[in-house]
Amino acid sequence: MAEPTFRALEVLAQLAVAATGSRITYNGEENIPDRGGAVIAINHTGYVDFLPAALAVHRQRRRLRFMIKAEMQKVKVVNFLIRHTRTIPVDRGAGADAYAVAVARLREGELVGVYPEATISRSFELKEFKTGAARMAIDANVPIVPLIVWGAQRIWTKDHPRHIGRHKMPITVQVGVPLKADEDIARTNAALRESMTALLHRAQERYPHPAGAYWVPRRLGGGAPTLTEAAQIEADEAAARSARKAAHRTPHRSR
């Protein structure tokens, strides 16, 4: 594939990894299909976990088409990259068009990257899954490849400062066996979550987890919020956003 913009990004990504001293360990990358369409289902712990996932796919001489918030098109540079890398913008208020594009890309033989959790997990455990990945795989008649990125949350995640520079963070990518999509969405989603949970625990087995560290799940002795606590934080944020919108819509009365 020519795609000069995508090729330039691949080179920049490899240079960035080298410059920061990140040590990425890839396990199971042979499970990424060497041809044909597939949904690549990725866990979501931070703002840079897309990069190790894309590099794992690149190592198999494939390219990953991500779905991205449509608001990012307002940034000129990002919009240029979206248009030249076949990235799929998603309007959260009307996602049917993006869904149709993703299914079409899968049928064309592309790999489409999806975050089943939709948003970053503050607990660093797997949140409840949306059904998009399962539905896409069923509609396009392609497999789902579960992929776990672990350690990237240490570089940049919600509520914590970024660690930019030569941080030498170890990152693990664990790729699972492709799952055949069942006609039943709930069963497919459950099988995907079970597979990704097993992969997450496997990725964590040989990774050092300092007691009390903010990026370590509570289950492993870390300081991250539990799934329940994280859900409450998100609920409080959503309520605050709704209140701000309501206040903005309410006209001020002149005295």
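Residues numbered from 1 in each chain as written. Predicted model: local features only at pLDDT ≥ 70, side-chain atom pairs only at ≥ 80, totals over all residues. Heavy atoms only, no water.

Chemist: I'd like to hear about the overall build of the protein chain, residue by residue, with values.
Modeler: The helix and strand inventory of the protein chain stands at seven helices and seven strands. Written out in order from the N terminus, the α and β elements of the protein chain read α-β-β-α-β-α-β-α-β-α-β-β-α-α. Radius of gyration (C-alpha) of the protein chain: 19 Å, near the 18 Å computed for a compact globule of 255 residues. Each principal axis of the C-alpha atoms in the protein chain carries an extent, and together these give about 70 × 45 × 40 Å. When the 255 residues of the protein chain are sorted by exposure, 45% land in the buried category. (Helix = DSSP H or I, 4+ residues; strand = E, 2+ residues; numbered from the N terminus. Rg over C-alpha atoms; globule rule 2.2 N^0.38 Å. Buried < 20%, exposed > 50% of the residue type's maximum accessible area, 1.4 Å probe, protein only.)

Chemist: Run through the pattern of salt bridges, naming residues and quoting values.
Modeler: Tallying each qualifying case throughout the model produces 16 salt bridges. Linking Glu 3 and Arg 65 is a salt bridge whose minimum nitrogen-to-oxygen distance equals 2.7 Å. Within this pair, whereas Glu 3 is found in the segment before helix H1 (4-20), its partner Arg 65 is found in strand S3 (residues 64-69), the two being separated by 62 residues in sequence. On the basis of relative accessibility, which here comes to 18%, the residue Glu 3 falls in the buried class. Its salt-bridge partner being Asp 34, residue Arg 35 comes within 3.5 Å of it at the nearest N-O pair. (Salt bridge = Lys/Arg side-chain N within 4 Å of Asp/Glu carboxyl O.)

Chemist: Give a detailed account of the packing of helix H5 (residues 132-140) against helix H6 (residues 185-205), specifying residues and quantitative values.
Modeler: One can describe the packing of H5 onto H6 by two numbers: an axis separation of 9 Å at closest approach and a directional angle of 120°. In the packing of H5 onto H6, the handedness of the crossing is right-handed. Contacts between H5 and H6 involve Ala 133, Ala 134, Arg 135 and Ile 138 from the first element and Ile 185, Thr 188, Asn 189 and Leu 192 from the second. When grouped by side-chain class, the residues that make up the contact of H5 with H6 number five nonpolar, two polar and one charged. (Axes fitted to C-alpha atoms, helices over the stretch in contact; angles between N-to-C directions. Left-handed = near helix turned anticlockwise from the far one by under 90°. Contact = heavy atoms within 4.5 Å. Nonpolar A, V, L, I, M, F, W, Y, C, P; charged D, E, K, R; others polar.)

Chemist: Describe the packing of aromatic side chains, listing the residues and the values that go with them.
Modeler: Here the structure, examined in full by the defined rule, presents four aromatic pairs. Residues Tyr 47 and Trp 156 carry aromatic rings whose centres are separated by 4.8 Å and whose planes lie at 45° to one another, so their mutual orientation is tilted. With Tyr 47 in the loop between strand S2 (38-42) and helix H2 (50-59) and Trp 156 in the loop between strand S6 (144-150) and strand S7 (170-175), this residue pair connects regions lying 109 residues apart in the sequence. The partly exposed category is assigned to Tyr 47, whose relative accessible area is 37%. Ring geometry for Tyr 207 versus Trp 215: centroids 5.9 Å apart, planes at 80°, classification edge-to-face. For the pair Tyr 207 and Trp 215, one class covers both residues: buried. Above the ring of Trp 156, the side-chain terminus of Arg 162 is found at 4.8 Å from the ring centroid. For the cation-ring pair, Arg 193 lies above Phe 129, with the distance from its terminal atom to the ring centre recorded as 5.5 Å. (Phe/Tyr/Trp six-rings, centres within 6.5 Å; stacked < 30°, edge-to-face > 60°. Lys NZ or Arg CZ within 6 Å of the ring centre and 35° of its normal.)

Chemist: Give me the lowdown on the side chain of Lys 127, citing residues and values where you can.
Modeler: Along the polypeptide, Lys 127 turns up in the loop between strand S5 (111-114) and H5. A distance of 3.0 Å separates the side chain of Lys 127 from the side chain of Glu 234, its partner in a polar contact. The contact partners of Lys 127, leaving out residues within four places of it in the chain, are Glu 117, Thr 119, Ile 120, Ser 121, Arg 193, Leu 227 and Glu 234. (Polar contact = N/O pair within 3.5 Å; in protein donor to acceptor, adjacent residues only side chain to side chain.)

Chemist: Account for the packing of H1 against H2, naming residues and giving values.
Modeler: At a minimum axis separation of 11 Å, H1 and H2 run at an interaxial angle of 115°. At the point where H1 passes H2, the crossing takes the left-handed sense. Here Arg 7, Glu 10, Ala 13, Gln 14 and Val 17 of H1 lie close against H2, whose contacting residues are Leu 51, Leu 55 and His 58. Taken together, the residues of the contact of H1 with H2 break down into four nonpolar, two polar and two charged.

Chemist: So what's going on with the pairing of strand S1 (residues 23-27)? Which residues, and what values?
Modeler: Residues of S1 alternate between two faces, with Ile 24 and Tyr 26 buried on one and Arg 23, Thr 25 and Asn 27 left unburied on the opposite face. Sheet analysis places S1 next to S7, joined by five bridges and oriented parallel. Looking across to S7, one finds that Ile 24 is bridged to Ile 171. (Pairing = 2+ DSSP bridges.)

Geometric values such as these leave the question of function open.
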